[in-house]
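What follows is the residue order along each chain.
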Amino acid sequence: MADQHPDPSGNTEAFRAFAHTPEQATAEGPSKLPLIIALAVAAVVVLVLVGWFALG
């Protein structure tokens, strides 16, 4: 019985073509920059509030 889907790792050229598919580049997902900025702003707000209550 013949294999309908040959293993790409069985042939170096086929494996390289399989490993370098452009689908991997588009699977990054959304940017995490807005989340990082929001966390940094929240940390600054918390530090300001703690400083205000400590000195007030």
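Preceding block: the structure.
Residues numbered from 1 in each chain as written. Predicted model: local features only at pLDDT ≥ 70, side-chain atom pairs only at ≥ 80, totals over all residues. Heavy atoms only, no water.

S.K.: Provide a residue-level description of the overall build of the protein chain, including the pertinent values.
M.R.: A count of helices and strands for the protein chain gives three helices and zero strands. When the helices and strands of the protein chain are placed in sequence order, the string is α-α-α. Counting the 56 residues in the protein chain, one finds 0% classified as buried. About 5500 Å² of surface is accessible on the protein chain, with carbon and sulfur atoms providing 69% of the total. (Helix = DSSP H or I, 4+ residues; strand = E, 2+ residues; numbered from the N terminus. Buried < 20%, exposed > 50% of the residue type's maximum accessible area, 1.4 Å probe, protein only. Areas by Shrake-Rupley, 256 points an atom, 1.4 Å probe, with all protein chains shown as cover.)

S.K.: Hey, could you go over the packing of aromatic side chains for me, with residue numbers and the actual values?
M.R.: To describe a pair of aromatic rings, you give the distance between the ring centres and the angle between the ring planes. All chains considered together, the criterion is met by one aromatic pair. Ring plane angle 10 degrees and centroid distance 6.3 Å describe the contact between Trp-52 and Phe-53, whose orientation is recorded as stacked. Taken individually, Trp-52 and Phe-53 each receive the classification exposed, so the pair is uniform in this respect. (Phe/Tyr/Trp six-rings, centres within 6.5 Å; stacked < 30°, edge-to-face > 60°.)

Keep in mind these values describe shape, not function.
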